[in-house]
Amino acid sequence: MSDDNWLARYRASMMGTITDPLALLVRGEGCQVWDSDGNRYLDFLAGIAVNSLGHAHPALVEAVTDQIATLAHVSNYFATPPQIELAERLQRITGAGEDGRVFFCNSGTEAMEAAVKLARLNTAGGPRPRILALNRSFHGRTMGALSLTGQPALQEPFAPLLPGVEHIDSTIPALEAAIGPDVAALILEPIKGEAGVVELPAGFLARAREVTREHGALLILDEIQTGIGRTGSWFAFQQYGIVPDAVAIAKGLAGGIPVGALVTFGAVSKLFTSGHHGSTFGGNPLATAAANAVLGEIERSGLVENAALRGEQLRALIADLAHPLIAEVRGRGLLIGVELSEPVAKDLARAALAHGLIINAPNERSIRIAPPLIVADAELAEFRTLFTAALEGIS
Ligand SMILES: *Cc1c(COP(=O)(O)O)cnc(C)c1O
């Protein structure tokens, strides 16, 4: 196949839902990918925090290869060993334990749809028509998840959205003013990834846990981007000393194979009953075997600890550049945001790509960096060289 005119063919065949792709990628290995012209890139985005083990990791390749040759799909009229194993693993790593329950789907937005339905089932003490979410949040693109997403520009073309969803500022006073006995759930990201890796104010999550408990509302966390070791613990909430009622998981869970999950904690695990929800593909043996391989490799190789350590090194390395364009370095583990002093994030990401480095600009002021959890010294050193060159290129 001639790749010379790939962009023209893409535009002539793909729905115009997104801006033009940056390159035609054909192969990956570890923290690197190659395009159709043979150019190599250091991948510090990992498919937006998805490729936990990098590209073509032998553990994932072997698990998927074996499973697809054995049993790939059976429907939820039947159980399979990889599905049960993954559900038990998620009970363990979330800390939900034996009182927790797992629902499997295929993506982040589907995990949020399950979360919305879970919220609607919370009618403790009377009707609870309201769901609280945060301004500048991102929860996905399907209608329920989009209703939660606190970005008017993404929502407006698709109004009317789900009734009862209200967006509040990420401040404790705003939360205290909005919460009440008619709130079914507060749904939020512990760190807002799409907003540019933005943490909540100090004490916000602890207070969120308190007020939701006081008013009988569920606290549902969207850890689709922050989960699976990304922030230096299995889940970000584990660093804030709280336990949610449910957590949504997807992106990094199966290292690139589509899978999503909603994990409930304690009594909330009894809200969904037979006939309430389902997914044809959800929890199929292929996707769950892939996730088991990813979680197994993360444990075997200490990649949660690596994410914590490398994240700290990476943030220090970026801060040490002391470049005038860099106003702030934030984030936890290997989910890093760099705030720029000028609105040139898209230019910087483009310059980085031209130097062979993949990073991302979620908006004009911030750069997001989320390499595979396997990054080591060599990749960090190469990142420094390429990122410095990109910064110099646009200054
Ligand atoms: C990516 C993401 C989603 C949506 O996941 P999809 O798999 O793209 O549907 C939802 N919430 C957060 C925080 C995300 O980062």
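Look up: the structure comes first, before these words.
**Student:** How do you make sense of the environment of L148 when you look at a structure like this?
**Tutor:** Relative to the assigned elements, L148 resides in helix α6 (residues 143-148). What makes L148 buried here is its relative accessible area of 0%. Sequence-wise, L148 and E176 are 28 residues apart; in three dimensions their C-alpha atoms are separated by 19 Å. Among all residues touching L148, those that are not within four sequence positions of it are M112, V116, I131, A133, S137, H139, V165, H167 and I187.

**Student:** Looking at this structure, I do not really get the site of the ligand. What am I missing?
**Tutor:** In the neighbourhood of the ligand, the contacting residues comprise S107, G108, T109, F138, H139, G140, E189, D222, I224, Q225 and K251. Here an oxygen atom of the ligand sits 2.7 Å away from a polar atom, N or O, in the side chain of Q225. Measuring from an oxygen atom of the ligand, one finds a side-chain N or O atom of K251 at 2.6 Å. For the ligand, whose free accessible area comes to 380 Å², the fraction covered by protein is 81%. Among the residues making up the shell around the ligand, the classes are represented as two nonpolar, six polar and three charged.

**Student:** In this structure, what is going on with the pattern of salt bridges? I would like to understand it.
**Tutor:** Working definition: two side chains of opposite charge can pair if their charged atoms are close together. For the coordinates displayed, the defined rule picks out 18 salt bridges. Residues R89 and E299 are paired through a salt bridge, measuring 3.7 Å at the closest nitrogen-oxygen approach. Of this pair, R89 sits in helix α4 (residues 81-94) while E299 sits in helix α10 (residues 285-300), and the two are 210 residues apart along the sequence. Relative accessible area serves as the criterion here: at 34%, E299 is assigned to the partly exposed category.

**Student:** How should the pairing of strand β12 (residues 260-264) be read in this particular structure?
**Tutor:** Regular strands place side chains that alternate from one sheet face to the opposite one. Extensive coverage of β12 is indicated by the burial of five of its five residues. Neither face of β12 is open: one carries G260, L262 and T264, the other A261 and V263, and all of them are buried. Of the pairings in the sheet, the one linking strand β11 (residues 246-249) to β12 comprises four bridges and is antiparallel in character. Its bridge partner lying in β12, A246 is registered against T264.

**Student:** Where do I start with the sheet that holds strand β13 (residues 326-332) in this structure?
**Tutor:** The strands making up a sheet are joined through hydrogen bonds of the backbone, oriented either antiparallel or parallel. Strand order in the open sheet formed by four strands is β13-β14-β17-β16, and the pairing between neighbours is antiparallel. Where the open sheet ends on each side, the last strands, each with one partner, are β13 and β16 (360-363). When the angles between neighbouring strand axes are averaged without regard to direction, this sheet yields 30°. As judged from the four bridges shared by strand β14 (residues 335-340) and strand β17 (residues 366-369), these two strands associate in the antiparallel manner. Bridged to G337 within β17 is R368.

**Student:** So what exactly am I meant to see when it comes to unusual backbone geometry here?
**Tutor:** Keep in mind that most residues, glycine aside, have a negative phi and that most peptide bonds are trans. For the bond running from A159 to P160, omega is 0°, close enough to zero to count as cis. Locating P160 in the fold gives a position in the loop between α7 (152-155) and β6 (165-168). One non-glycine residue, A56, lies in positive phi territory at about 55°.

**Student:** Whenever I open this one, the environment of F103 confuses me. Can you help?
**Tutor:** Among the secondary structure elements, F103 is positioned in strand β4 (residues 101-105). By relative accessible area, F103 is classed as buried at 17%. C-alpha separation for the pair F103 and A248, spaced 145 residues apart in sequence, amounts to 9.6 Å. Among all residues touching F103, those that are not within four sequence positions of it are A114, G260, A261, L262, H277, G278 and S279.

**Student:** Got a minute to help me understand the packing of aromatic side chains in this structure?
**Tutor:** Given two aromatic rings, their pairing is described by the distance between the two centres and the angle made by the two planes. What the rule picks out here adds up to four aromatic pairs. Considering the side-chain rings of F237 and F265, the 6.0 Å spacing of their centres and the 80° angle between planes classify their relative orientation as edge-to-face. Taken as a pair, F237 in the loop between β10 (218-222) and β11 and F265 in the loop between β12 and α10 lie far apart in primary sequence, 28 residues in all. Each member of the pair, F237 together with F265, is buried. Across the ring face of W34, the terminal group of R27 is positioned such that the distance to the ring centre comes to 4.0 Å.

**Student:** So what exactly am I meant to see when it comes to helix α3 (residues 58-68) here?
**Tutor:** Side chains that are three or four residues apart share a direction in an α-helix, a result of its 3.6 residues per turn. Listing the buried residues of α3 in full gives L60, A63, V64 and Q67. Angular distribution of buried residues about the axis of α3 spans 90°; they occupy a single face of the element. Of the exposed residues in α3, those oriented more than 90 degrees away from the buried face are P58 and E62. Where α3 is buried, its residues meet α4 and α10.

Basis of the calculations
Residues numbered from 1 in each chain as written. Predicted model: local features only at pLDDT ≥ 70, side-chain atom pairs only at ≥ 80, totals over all residues. Heavy atoms only, no water. Helix = DSSP H or I, 4+ residues; strand = E, 2+ residues; numbered from the N terminus. Buried < 20%, exposed > 50% of the residue type's maximum accessible area, 1.4 Å probe, protein only. Contact = heavy atoms within 4.5 Å. Near = heavy atom within 4 Å. Polar contact = N/O pair within 3.5 Å; in protein donor to acceptor, adjacent residues only side chain to side chain. Areas by Shrake-Rupley, 256 points an atom, 1.4 Å probe, with all protein chains shown as cover. Nonpolar A, V, L, I, M, F, W, Y, C, P; charged D, E, K, R; others polar. Salt bridge = Lys/Arg side-chain N within 4 Å of Asp/Glu carboxyl O. Pairing = 2+ DSSP bridges. Axes fitted to C-alpha atoms, helices over the stretch in contact; angles between N-to-C directions. Phe/Tyr/Trp six-rings, centres within 6.5 Å; stacked < 30°, edge-to-face > 60°. Lys NZ or Arg CZ within 6 Å of the ring centre and 35° of its normal. Arc of directions from axis to C-beta.

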